[in-house]
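# Structural description and commentary
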Amino acid sequence: MNDSKFDFDSPPNRVGKSSLKWGKYEGSDVIPLWVADMDFKSPPSVLEQAMDSSEHGNFGYGRPPAQLIDRILERSEKLYNWRIDPSWIVWLPGMVCALNVTCRSLLDQSSQAIIQTPIYPPFLSASKNFDLPLTKIPLLLKNNRFTIDFQALENLSTKPGDLFMLCHPHNPVGTLFNESELRDLIEWLVQRELYLCSDEIHCDLILEKELRHLPPASLDERISGKSITLMAPSKTFNIAGFGCSFAIISEPALRARFKKAMRGIVPDPPAMGFLLADAAYDGGEPWRLELIDYLIANRDLAMSRLSKMFGLVPYSPEATYLLWIDARSLPVQNPHLYFEENGVGLSDGKEFDAPGFLRLNLGCSRKLLVEALDRMQVACDKL
Ligand SMILES: Cc1ncc(COP(=O)(O)O)c(C=O)c1O
């Protein structure tokens, strides 16, 4: 018996709806499984709020509702065992913006941003946007799971005030760093007197039931004061189009620096963003839990199919709805283009600093996923 309350099998048709994901291939027969947004309708609580707001009919400037802040505090304590203070929250219209503000506020020509590759492209460009130095440390593949290369970190030359930018869970490889990895990382950061920016936008999409998200800033006071933690309901509840994100910065001087770098150029989130975020955190939990089950089934299906395809090595994500694939053994010049020509639009690993790899977005109906996997199978069988 199917006792699901929410219909993930029949997402709305996004063609002609100004969708970035679907617009890319409009008019051609390519299934879009690229940019990280899901095809599903948002939770009913979010849809009701959106309808309420549109009936109300006023779209003026917004400010965060007090109950949204209370919900964030409650959630943080319940889900991550992290007590935060309302004064630590800095609102932002997006996470990419936050990554850039972080670099702008903390770095100068003599310091460096350190990132782990492959990585979500804005990590590669944030420091570069301000002509600031960037150091890339490749993730280490151990037992089919990407992890932190501590040996490489030990060998790295750093100076106090450098910035480590963590993507946790990590897009595109889907690793949720565990307590032991995080504690080792914190030790390294503290010894070297580095700052930490932790992008945790995917932290409520954990696909392994026994795993739990841990913000590094919650684990050790020595790093909390040096941390900028970034969170948002946008990925989890599919409301990225209404930009409402926040940074959590406990240390007043660090927060002041961050706010100074925002001054005059970073707008507040829109009123609708605040209201939908509030509705998502308030009523979206049953939907989120069912979504996770749906994504787990999509992931398991995709893993079982992809691992049998000639030339592909898929990596099972512990978190996120993104699945990373090594296609370097495929005897084609450009795997991304090859699959596009065969009707499947994936993300190109080149953009994540990993040419020859692909990223598949699992946030779609099972039917569409199966159709895409069938096309990929045919494409691989031809080689
Ligand atoms: C790790 C990570 N950070 C940030 C973003 C984008 O956030 P925003 O749309 O709020 O700028 C994404 C989107 O895919 C992401 O995966």
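Cut-offs applied
Residues numbered from 1 in each chain as written. Predicted model: local features only at pLDDT ≥ 70, side-chain atom pairs only at ≥ 80, totals over all residues. Heavy atoms only, no water. Helix = DSSP H or I, 4+ residues; strand = E, 2+ residues; numbered from the N terminus. Rg over C-alpha atoms; globule rule 2.2 N^0.38 Å. Buried < 20%, exposed > 50% of the residue type's maximum accessible area, 1.4 Å probe, protein only. Contact = heavy atoms within 4.5 Å. Lys, Arg positive; Asp, Glu negative; His and termini not counted. Charge placed at Lys NZ, Arg CZ, Asp CG, Glu CD. Near = heavy atom within 4 Å. Polar contact = N/O pair within 3.5 Å; in protein donor to acceptor, adjacent residues only side chain to side chain. Areas by Shrake-Rupley, 256 points an atom, 1.4 Å probe, with all protein chains shown as cover. Nonpolar A, V, L, I, M, F, W, Y, C, P; charged D, E, K, R; others polar. Pairing = 2+ DSSP bridges. Axes fitted to C-alpha atoms, helices over the stretch in contact; angles between N-to-C directions. Core = buried A, V, L, I, M, F, W, Y, C linked by side-chain atoms within 4.5 Å.

## A closer look at the overall build of the protein
Counting its regular elements, the protein contains 15 helices and 15 strands. Taken against the 2.2 N^0.38 rule, which gives 21 Å for 383 residues, the C-alpha radius of gyration of the protein at 21 Å falls within 12% of a compact globule. Referenced to the eigenvectors of the C-alpha coordinate spread, the extents of the protein come out at roughly 60 × 55 × 40 Å. With 383 residues in all, the protein has 58% of them scored as buried. In the protein, of all internal contacts separated by at least 6 residues, the share reaching a separation of at least 24 is 74%. The centroid of the 40 positive side-chain charges in the protein is displaced by 3 Å from the centroid of its 49 negative side-chain charges.

## Some words on the site of the ligand
If you check the shell around the ligand, you find A36, G94, M95, V96, Y120, C167, N171, D199, I201, H202, K235 and S245 and nothing else. A distance of 2.8 Å separates an oxygen atom of the ligand from a polar backbone atom of M95. One nitrogen or oxygen atom from the side chain of D199 is found 2.6 Å from a nitrogen atom belonging to the ligand. In isolation the ligand has 400 Å² of accessible area, and contact with the protein removes 87% of it. The residue makeup of the shell around the ligand, split by class, is six nonpolar, four polar and two charged.

## Regarding the sheet that holds strand 8 (residues 195-199)
Strand order in the open sheet formed by seven strands is 2-10-9-8-7-3-4, with mixed pairing between adjacent strands. Both outer strands of the open sheet, strand 2 (89-92) and strand 4 (134-138), are each paired with one neighbouring strand and no more. Going across the sheet, the axis of each strand differs from the next one's by a mean of 25°, ignoring polarity. Here strand 3 (residues 113-117) pairs with strand 4 via five bridges, running parallel. Within the sheet, the bridge partner assigned to Q116 lies in strand 4 and is I137. Across the sheet, helix 3 (residues 66-80) is in contact with strand 2, strand 9 (227-231) and strand 10 (245-248); its angle to strand 2 comes to roughly 115°. Each of strand 3, strand 7 (163-167) and strand 8 is contacted by helix 7 (residues 179-192), which is oriented at about 165° to strand 7, the strand it contacts most.

## Here we look at the pairing of strand 2
Of the two faces of strand 2, the one lined by I89 and W91 and the one lined by V90 and L92 are each fully buried. Pairing between strand 2 and strand 10: four bridges, direction antiparallel. In the strand pairing of strand 10, I89 is matched with I248.

## A look at the side chain of R375
Position of R375 relative to the elements: it lies in helix 15 (residues 366-381). For R375, the side chain forms a polar contact with the side chain of D29, separated by 3.0 Å. Of the polar contacts made by the side chain of R375, one reaches the backbone oxygen of G343; its length is 2.9 Å. Residue contacts for R375: discarding those within four places in its chain leaves D29, V30, I31, N342, G343 and V344.

## Examining the side chain of N361
Mapped onto the fold, N361 is located in strand 15 (residues 357-361). Taking relative accessible area as the criterion, N361 reaches 0% and is therefore assigned buried. A polar side-chain atom of N361 sits 2.7 Å from the main-chain amide nitrogen of G363. Beyond its immediate chain neighbours, meaning those up to four positions away, N361 contacts K21, L33, W34, V35, A36, D37, Y321 and L322.

## Re the pairing of strand 15
Along strand 15, five of the five residues are buried, which leaves the element largely enclosed by surrounding structure. Side chains F357, R359 and N361 of strand 15 all project onto a buried face; the interleaved residues L358 and L360 project onto the opposite face, where all are buried too. Looking at chain direction, strand 12 (residues 322-326) and strand 15 are connected through five bridges and run antiparallel. Its bridge partner lying in strand 15, L323 is registered against L360.

## Quick notes on the nonpolar core
Soluble globular proteins tend to bury their nonpolar side chains together. In terms of nonpolar packing, the biggest core is built from 67 residues, with L33, W91, L306, L312, F339, L360 and M376 touching the most fellow members. With residues near it in sequence (within four places) discarded, L306 still touches L312, P314, L323, I325, L360, L373 and M376. In this structure, V90, I115, Y195 and A261 belong to the second largest nonpolar core, which totals 33 residues.

## Notes on the sheet that holds strand 14 (residues 347-348)
Strand order in the open sheet formed by four strands is 11-12-15-14, and the pairing between neighbours is antiparallel. The outermost strands of the open sheet, each flanked by one partner alone, are strand 11 (313-315) and strand 14.

## Brief notes about the environment of G311
The topology assignment puts G311 in the loop between helix 13 (285-306) and strand 11. Since its relative accessible area comes to 15%, G311 is described here as buried. In this structure the C-alpha to C-alpha distance between G311 and D381, which are 70 residues apart in sequence, comes to 9.7 Å.

## Overview of unusual backbone geometry
The linkage connecting T117 with the following residue, P118, adopts the cis geometry, with an omega of 0°. Mapped onto the fold, P118 is located in the loop between strand 3 and helix 5 (121-126). Along the chain, H168 connects to P169 via a cis peptide bond; the corresponding omega equals 0°. Mapping P169 onto the fold places it in the loop between strand 7 and helix 7. In the Ramachandran plot, D353 falls in the positive-phi region, its phi being about 75° despite a non-glycine side chain. With respect to the helices and strands, D353 occurs in the loop between strand 14 and strand 15. Residue classification places D353 among the partly exposed residues on the basis of a relative accessible area of 33%.

Functional significance is not addressed by these values, which are geometric in nature.
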